[in-house]
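A look at the structure
So you can see what is in the structure, the chains are spelled out below.
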Amino acid sequence: YLAKEGRTGVELYLADKDRNSPERLNLLGDLRRAIDRSELRLYYQPKLDLAVGEVRGVEALLRWRHPTRGMVGPDEFIPLAEQSYLMRQLTEYVIDAALEQAAHWWHTGVHEQISVNVSARDLLDSALPERLEAGLARYRLPPKAIQLEVTERILMTDQAYTADAVRALASLGVQLALDDFGTGYSSLVRLQRLPVSEVKIDASFVGRICESRDDERIVRSIVDLVRSLGLRSVAEGVESAEVAKRLAEMGCDLGQGWWLAEPMSAVDATEWLRKHRDQRPVPVKPPFE
Ligand code: C2E
Ligand code: MG
Ligand code: MG
Ligand code: MG
């Protein structure tokens with residue numbers, strides 16, 4: 001098990017020389033209690049069709065309201081949780097909360113797919129597909145109500161077991177997205193073999209397409225590649241109207257970013273989704289005019 005774990009990239013964190021720093025151990029201890037104390041919440045960020053402005057899904061993003069530190073971002077605590085058995089508990093919480101929200105929306109006429117991020121360690125958990133299947137049944141949800149986002153880096157690290165894990169998840173009928181694309185050097189062959197339906201282009205490329213011709217070319221070629229494979233492209237980190245417009249011109253299918261819609265609490269997201277839907281087919285913002 002540990003040997004397998006080493007191949008996922010988790011060993012990078014384990015090798016980190018201040019992994020036992022008091023700071024990190026404190027935070028890990030706090031995280032252990034955070035679930036029971038309801039300090040964790042999912043926020044929801046819509047993904048929009050860049051051509052017509054309609055919502056095509058919502059990504060669940062974990063937030064931790066720490067009693068003294070304030071908001072702690074997932075980039076700080078997910079890597080920490082990944083070193084310990086806590087990641088499993090965290091993912092159980094995330095999947096359950098996302099399913100509960102999906103059921104609430106689904107059964108009140110908001111048929112938006114919720115995407116859940118899964119980490120390297122989650123793919124080692126052989127109970128994950130069954131838990132997901134049981135959760136879908138419990139909430140009477142079709143598999144397409146949930147999408148799982150797996151980063152490109154994870155899928156590149158170990159071919160055998162990640163591919164098996166991903167296939168087991170895909171066989172449930174849930175859709176898979178390849179997250180942070182462009183940062184992990186996938187081969188075309190690999191991309192074609194994976195049962196993914198969506199490729200999310202990393203924000204580090206998207207952000208500068210209006211300033212950098214290189215970044216513009218990279219994003220354009222990813223969009224073309226994704227389309228030629230019959231998959232859906234999503235640009236992450238859409239922070240301005242200019243970027244959204246340029247992406248739409250390139251034929252990028254969906255966009256996600258602060259300029260389109262920020263991650264919101266469940267209550268705010270529900271209101272945002274209702275309002276946005278009521279304004280259809282008249283889109284709220286350019287470039288959808
Ligand atoms: P990600 O899955 O690539 O999520 C996208 C990140 O971009 C989110 O950061 C989101 O808040 C942020 N973002 C949204 N709009 C913009 C924008 O216009 N510009 C820029 N620069 N960024 C934008 P966040 O919420 O801090 O999450 C960071 C990462 O933590 C996520 O990256 C994901 O890998 C991980 N994560 C978040 N929630 C979970 C979770 O429930 N489970 C696991 N395993 N990982 C999670
Ligand atoms: Mg994601
Ligand atoms: Mg991403
Ligand atoms: Mg990311």
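Predicted, not measured: the structure shown is a model, and the values here were computed from it.

Focus: the site of ligand 1
- With respect to spatial proximity, 23 residues lie near ligand 1, and among them Arg 63, Asn 117, Asp 179, Glu 239 and Trp 258 are the closest.
- Within the contact set of ligand 1, an oxygen atom lies 2.9 Å away from a side-chain nitrogen or oxygen of Asn 117.
- Within the side chain of Glu 236, a nitrogen or oxygen atom sits 3.1 Å from an oxygen atom of ligand 1.
- In the complex, the protein chains occlude 82% of the 790 Å² of accessible area that ligand 1 would expose alone.

Observations concerning the coordination of the magnesium ion (ligand 3)
- Protein ligation of the magnesium ion (ligand 3) involves Asp 179 (OD), Asp 180 (OD), Glu 236 (OE) and Glu 236 (OE), the donor distances falling in the range 2.0 to 2.3 Å.
- Donor residues binding the magnesium ion (ligand 3) come from one chain and are separated in sequence as D-D-x55-E.
- Between the magnesium ion (ligand 3) and the magnesium ion (ligand 2), the interatomic distance is 4.2 Å, and Asp 179 donates to each metal, bridging them. Taken together, the residues Asp 179 in strand E6 (residues 175–181) and Glu 236 in the loop between strand E8 (232–235) and helix H13 (241–250) connect sequence positions 57 residues apart. Both residues of the pair, Asp 179 and Glu 236, belong to the buried class.

Some details on helix H3 (residues 22–34)
- The end-to-end C-alpha separation of H3 is 18 Å, in line with the 18 Å expected for 13 residues at 1.5 Å each.
- When we look at burial in H3, the residues that qualify are Arg 24, Leu 27, Leu 28, Gly 29, Asp 30, Leu 31 and Ala 34.
- At its buried positions, H3 is contacted by strand E1 (40–49), strand E2 (55–66), helix H4 (74–82) and helix H5 (86–106).

Regarding the nonpolar core
- Core analysis: the largest hydrophobic core is formed by 82 residues, its most contacted members being Leu 90, Leu 141, Leu 148 and Leu 247.
- Beyond its immediate sequence surroundings of up to four residues, Leu 90 is in contact with Leu 31, Ile 35, Leu 40, Leu 62, Phe 77, Ile 78 and Ala 81.

Notes on the confidence of the model for the protein chain
- Chain-level statistics for the protein chain give a pLDDT mean of 87 and a share of 89% at 70 or above.
- When the criterion is pLDDT under 50, residues 1–15 qualifies, and its contacts beyond four places in sequence or with other chains add up to 23 contacts.
- Interface predicted TM-score (ipTM) for the complex: 0.98; the corresponding pTM is 0.91.

Rules behind the numbers
Residues numbered from 1 in each chain as written. Chains lettered and ligands numbered in written order. Predicted model: local features only at pLDDT ≥ 70, side-chain atom pairs only at ≥ 80, totals over all residues. Heavy atoms only, no water. Near = heavy atom within 4 Å. Polar contact = N/O pair within 3.5 Å; in protein donor to acceptor, adjacent residues only side chain to side chain. Areas by Shrake-Rupley, 256 points an atom, 1.4 Å probe, with all protein chains shown as cover. Donors = N, O, S within 2.8 Å, 3.2 Å for Na, K, Ca; no water. Helix = DSSP H or I, 4+ residues; strand = E, 2+ residues; numbered from the N terminus. Buried < 20%, exposed > 50% of the residue type's maximum accessible area, 1.4 Å probe, protein only. Expected span 1.5 Å × (residues − 1). Contact = heavy atoms within 4.5 Å. Core = buried A, V, L, I, M, F, W, Y, C linked by side-chain atoms within 4.5 Å. pLDDT = per-residue confidence, 0-100.

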